[in-house]
Amino acid sequence: MPEIIPSPDANYLMDLLKKIISFKTVAPPGSNYQEIVDWLVPIFREMGFATQKMVMPKEVFAAKCSDPRLVGDRFNLRADLSVGAEKTLVIYAHLDVVPAEGNWDSDPFQAVAKNGRIYGRGVSDCKGSIAALIAALKALLESGKPKYNLSILLTTDEEVGGYSGLCYLTDLGQVKGDLMLCMDGFSDDVVIGSNGIITWDVVVHGRSSHSGSSFLGINAVERSIPVMDALMNLKKVVQARRSLLPASTALEAMGKKNLMPILNITMINGGIKENIVPDRCTLRGDRRVIPEESMDEALAEIERTLKPLDIDFDLKFYPGYPPMSVNPDHPWVLEVREAVQRGMGFFPRLSGAQGSLDQAYATEKTGIPTCVFGVGRQLESNIHGLNENVRVADLNGFARFLIELLRA
Ligand SMILES: [Zn+2]
């Protein structure tokens, strides 16, 4: 008898996606989390999953989520299916989307199909993958059971770099399994690494005076110039480094072959009036850390660069997500790539992300080998932009990939 491979129902997938997009889980402020989780719970229950709504307690929220733009309860969903398998696969995606301002061609919260694509806020990042996951599970469970126990985590506030989602669940010990698939990615490559991020600020101090006798004061804006010069020299050193990890397909097309570290000055703030010598100037920026570097060494390097300057300043660091690097030879990586080959018809490259992922926090703390693969194309889906879209073929292909990954 020929093997019958379960096939996702494309209409069901589309209906799911339309409904999921209609929840305005925009972050900030991060709203409608309870509504979307309450809608998802019965869908997973009907498929035999045990579900847990994990709401972040108000005091933890107050202590860990200082962003004043975030309001309301943080509902995360964990859905588990135990099939008596030896290994458990954790599957992660976030429920929130970035705001949808500007002149969209159609309502961003009413997913619309046009020319082989679906348009809507979050169709690619990353609600399309959630719709595909449900459609894949439904097809798979109707005819059999997955080869792994499943632990699905659908979380909050990823788009604001928040703590309330995957990081919170990680610290609670709720990220438990042997393998992990992060669906917050693209269909271009299987991502097995990412840069870490440190934001920093330097406050340069001066002394204010009348600008007509500016020699009586110390001009903090002008004194920031040597600080910026020193940082720009360090930038050259830092950005000449390369990771062994290949860059994404999209960046490779622009000549960036490997993941690289970054140092930016992105904000400058100083002075109150043209005729007042400013007593304070603040520079802010970030540092992206490749997996081969260490977060601590990146901080120390900036400190060493600025210390010799004869300038009164305060330097502060705000370390964010660490870098991530999964062994490319881990069998899980090959398993994911082969499932892509069977489900979507191509053998994907491996690459690293220049950006920083909350997944990296979970991977570092749990040690679970992780692949990042999702729906959407880096150069065409316009993620976070106007008319975000995804190829219908990719959505259905992603559901087939999941079936290939999960079927026994
Ligand atoms: Zn995302």
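Small disclaimer: the values here were computed from a predicted structure and weren't measured.

Undergrad: Which parts of the structure should I look at to understand the domain arrangement of the protein chain?
TA: How big an interface is tends to be stated in terms of the accessible area lost upon association of its parts. Split into domains, the protein chain comes out as domain 1 (10-194 + 323-406) and domain 2 (197-319). Measuring from the centre of the C-alpha atoms in domain 1 to the corresponding centre in domain 2 gives 34 Å. Counting residues per element, the ones that place at least two in the side of domain 1 that touches domain 2 are strand S8 (189-194), strand S13 (324-325) and strand S14 (349-353). Looking at the side of domain 1 that touches domain 2, the element that brings in the most residues is S14, giving 5 residues. A breakdown of the residues in the side of domain 1 that touches domain 2 according to their chemical character gives 5 nonpolar, 7 polar and 3 charged.

Undergrad: So what exactly am I meant to see when it comes to the sheet that holds strand S12 (residues 313-319) here?
TA: Hydrogen bonding along the main chain pairs the strands of a sheet, whether they run parallel or antiparallel. With respect to topology, 4 strands assemble into an open sheet ordered S10-S11-S9-S12, the strand pairing being antiparallel. The strands lining the two open edges of the sheet, one partner per strand, are strand S10 (262-270) and S12. Across the sheet, the axes of successive neighbouring strands diverge by a mean angle of 20 degrees, strand direction being ignored. Relative to S12, strand S9 (residues 196-205) runs antiparallel, the two sharing 7 bridges. Looking across to S12, one finds that Val202 is bridged to Leu315.

Undergrad: Where do I start with helix H10 (residues 358-366) in this structure?
TA: Since the α-helix turns once every 3.6 residues, residues separated by three or four places project in the same direction. Taken residue by residue, H10 has Asp358, Gln359, Ala360, Tyr361, Ala362 and Thr363 as its buried positions. Positive backbone phi, approximately 70 degrees, marks Gly367, located one or two places after H10.

Undergrad: Could you clarify how one ought to interpret the nonpolar core in this entry?
TA: Generally speaking, a soluble globular protein has its nonpolar side chains buried in company with each other. In terms of nonpolar packing, the biggest core is built from 97 residues, with Ala132, Ala136 and Leu402 touching the most fellow members. The dominant element in this core, judged by the number of residues it contributes, is helix H4 (residues 127-143), at 10 residues. Counting only domains with at least three residues in this core, you end up with domain 1 (10-194 + 323-406) and domain 2 (197-319). Counting residues in hydrophobic clusters, the runner-up holds 9 residues, among them Val202, Val227, Val238 and Cys281.

Undergrad: Where do I start with the sheet that holds strand S4 (residues 112-114) in this structure?
TA: Taken together, 3 strands build an open sheet; the order of strands is S4-S5-S16 and the sheet is antiparallel. Only two strands of the sheet have a single partner each, and these edge strands are S4 and strand S16 (389-391). Across this sheet, the average inter-strand angle for adjacent strands is 25 degrees, counted without regard to direction. In the sheet, S4 pairs with strand S5 (residues 117-119) via 3 bridges, with the strands oriented antiparallel. For Lys114, the partnering residue across the bridge sits in S5 and is Arg117. In this fold helix H11 (residues 392-406) packs onto S4, S5 and S16, with an angle of close to 65 degrees to the strand it touches most, S16.

Criteria and thresholds
Residues numbered from 1 in each chain as written. Predicted model: local features only at pLDDT ≥ 70, side-chain atom pairs only at ≥ 80, totals over all residues. Domains from an automatic or database assignment. Helix = DSSP H or I, 4+ residues; strand = E, 2+ residues; numbered from the N terminus. Nonpolar A, V, L, I, M, F, W, Y, C, P; charged D, E, K, R; others polar. Pairing = 2+ DSSP bridges. Axes fitted to C-alpha atoms, helices over the stretch in contact; angles between N-to-C directions. Buried ≥ 20, exposed ≤ 12 C-beta atoms within 10 Å, placed from the backbone. Core = buried A, V, L, I, M, F, W, Y, C linked by C-beta atoms within 7 Å. Contact = placed C-beta atoms within 7 Å.

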